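Close look at the chain arrangement
The lines below spell out each chain.
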Amino acid sequence: KREGSQKKDKQSREKVEAPQHAEEEEELPTFAESGHTFMGLKTGKGDLTIVGIPFDIGTTNRTGQRFGPQAVRQASTLLIDGAHPVTHYDPKKDAGLRDGGNFRICLGEILSSLDRIETQASAFPHLLCIGGDHTVTLPLLRALYKKRGNKPLALLHFDAHCDTWSNNMGQVYAHGSGFYHAIKENLIDPKKVVQVGIRSAVDKSVMDWTLAQGVTVFSAIDVHTSLATVTKKIQDILGDSDTYLSFDVDALDPSCCPGTGTPEVGGLFTWQMQVLMRSLRSSVNFVGMDVVEVLPSFDHGEISSLAAANVIYEYLSCVRSGKE
């Protein structure tokens, strides 16, 4: 009787079907399902491509942002349950969306790394980049500027810092000087540059120079006290211009994003980021983006990585469903 029962159990186990994703798990892991690619996406190049840039030698405080790309990919596994709750866009069903892996850099060489990043970026029609520190934005803008026939871009820049220092503690190219160089190199039109969340200590001369170029600066307090007004002004300034989004996660309050290199109190909340991004869906023409400065070793419960993954999620929703 016992032998018959064991035989029956064995037959039952043999009839159990393989797990639904067993076949997929044998393939190269992708974003959101296994954490190796964003939201379990297929790898390769698409008309929209997510790439990581594991670069962090341009930082001035905490370092370790080179580990940001994989942390954000891992956190994106929480976004695969269905379509976007507002636009109903589903990245998993987007045939033109791919995860292109990580760009190569020259470890220890800032200038060589910037050149290499620019060269690699030029091969993609539309990039969504995961940093890495904020130094990486400059070569991405250089590549996009050249692809557009040397036409300056509009810029929407979320950050706690203005990043328009001419140098960072003696380092000419670093994570706090990128937009100084971008303005000087005519990569961006300063009259169509909007900075949101700015609140750090800064030399008055640096801020005076920034404003004198025509840059519009909204502090975190502006967002907290007049979110609707800030949103309308952003729409008016950017209009339908080709716009690059650069999102430093330290724009967010440390309560929402502790895992970053230079946290500043009093920042934006994640729901405010969502409101701002969703409000731009039908007006702004986004042509590329990055989310930078995720520092996994200082994160708690992946909330910083999850916030960064949601920035990409909202951006994708803007780009794919914005002009319905």
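Everything here concerns the structure above.
Now for a quick tour of the structure. Starting from 1, residues in each chain are numbered consecutively following that chain's sequence as written. Per-residue local features are limited, in this predicted model, to residues with pLDDT of at least 70; the limit for side-chain atom pairs, both in listing and counting, is 80 or more; totals at the level of whole chains, interfaces and linings are taken over all residues. Side-chain metrics in this entry use all non-hydrogen atoms of the structure; hydrogen atoms and water are not considered.

1. Overview of the nonpolar core
Put simply, the rule reads: In these notes, a set of buried Ala, Val, Leu, Ile, Met, Phe, Trp, Tyr and Cys residues joined through side-chain atoms within 4.5 Å is what counts as a nonpolar core. Per-residue accessibility, obtained with a 1.4 Å probe over protein chains only, is compared with the maximum for each type, and a residue is labelled buried under 20%, exposed over 50%, and partly exposed between these values. Going along the chain from the N terminus, every DSSP run of H or I of four or more residues is numbered as a helix, and every run of E of two or more is numbered as a strand. Pairs of residues are marked as contacts when any of their non-hydrogen atoms sit within 4.5 Å.
Core analysis: the biggest nonpolar cluster contains 50 residues, and F38, L156, F158, V196, I234 and I312 have the highest contact counts within it. Considering every element that reaches this core, the biggest residue donor is helix α11 (residues 303–321), with nine residues. Leave out the neighbours within four places in its chain, and V196 touches L156, H157, F158, D159, F218, V223, I234, A251, L268 and L276. If you look at the next biggest cluster of nonpolar residues, it comprises 31 residues, including F55, I110, A121 and V136.

2. Quick notes on the side chain of R142
Checked against the element boundaries, R142 lands in helix α5 (residues 137–147). R142 gets classed as buried once you look at its relative accessible area, which sits at 12%. The residues touching R142, leaving out its near neighbours within four places in the chain, are L114, E118, Y173, E185 and L187.

3. Notes on the pattern of salt bridges
Note the cut-off: Each reported salt bridge corresponds to a side-chain nitrogen of Lys or Arg within 4 Å of a carboxyl oxygen of Asp or Glu.
A complete count under the given rule lists eleven salt bridges for this structure. Between D208 and K204 there is a salt bridge, with the nearest N and O atoms lying 2.8 Å from each other. Note that D208 and K204 are positioned in helix α7 (residues 204–212) at a spacing of four residues, about one turn of the helix. Relative accessible area serves as the criterion here: at 36%, D208 is assigned to the partly exposed category. Note that K232 and D236 form a salt bridge whose closest N and O atoms lie 3.0 Å from each other. Of this pair, K232 and D236 are both found in helix α9 (residues 227–238), four residues apart, which corresponds to roughly one turn of the helix.

4. Comments concerning the packing of helix α4 (residues 110–121) against α5
Let me state the cut-off plainly: Structural elements are reduced to axes, namely lines fitted to C-alpha atoms, with helices fitted over the stretch in contact, and the angle between N-to-C directions of any two is expressed from 0 to 180 degrees. Put simply, angles under 35 degrees are roughly parallel, angles over 145 are roughly antiparallel, angles from 65 to 115 are roughly perpendicular, and the rest are oblique. Handedness of a helix crossing follows the sense of rotation of the near helix relative to the far helix, less than a right angle counterclockwise being left-handed and clockwise being right-handed. All amino acids are sorted into three groups, where Ala, Val, Leu, Ile, Met, Phe, Trp, Tyr, Cys and Pro are nonpolar, Asp, Glu, Lys and Arg are charged, and the leftover types, Gly among them, are polar.
Remark: α4 packs on α5, axes separated minimally by 8 Å, with the N-to-C direction vectors making an angle of 40 degrees. Classed by the angle they form, the pair α4 and α5 counts as oblique. Remark: the crossing between α4 and α5 carries right-handed chirality. In this structure, α4 uses L114, I117, E118 and A121 to contact α5, whose residues at the interface are P139, L140, R142, A143, K146 and K147. Broken down by class, the residue content of the contact of α4 with α5 amounts to six nonpolar, no polar and four charged.

5. Overview of α4
The cut-off we apply is this: In a helix, the anticipated span is given by 1.5 Å times the number of residues less one. In this description, the arc belongs to the directions extending from the helix axis to the C-beta atoms.
Under the 1.5 Å per step criterion, the end-to-end length of α4 is 16 Å for twelve residues, consistent within 8% with the ideal 16 Å. Within α4 the residues assigned to the buried category are I110, S113, L114, I117, E118 and A121. On an axial view of α4, the arc spanned by its buried residues comes to 135 degrees, and they lie on one face. The exposed residues of α4 that point more than 90 degrees off its buried face are L111 and T119. The inward-facing, buried residues of α4 contact β1 (48–53), β3 (127–131) and α5.

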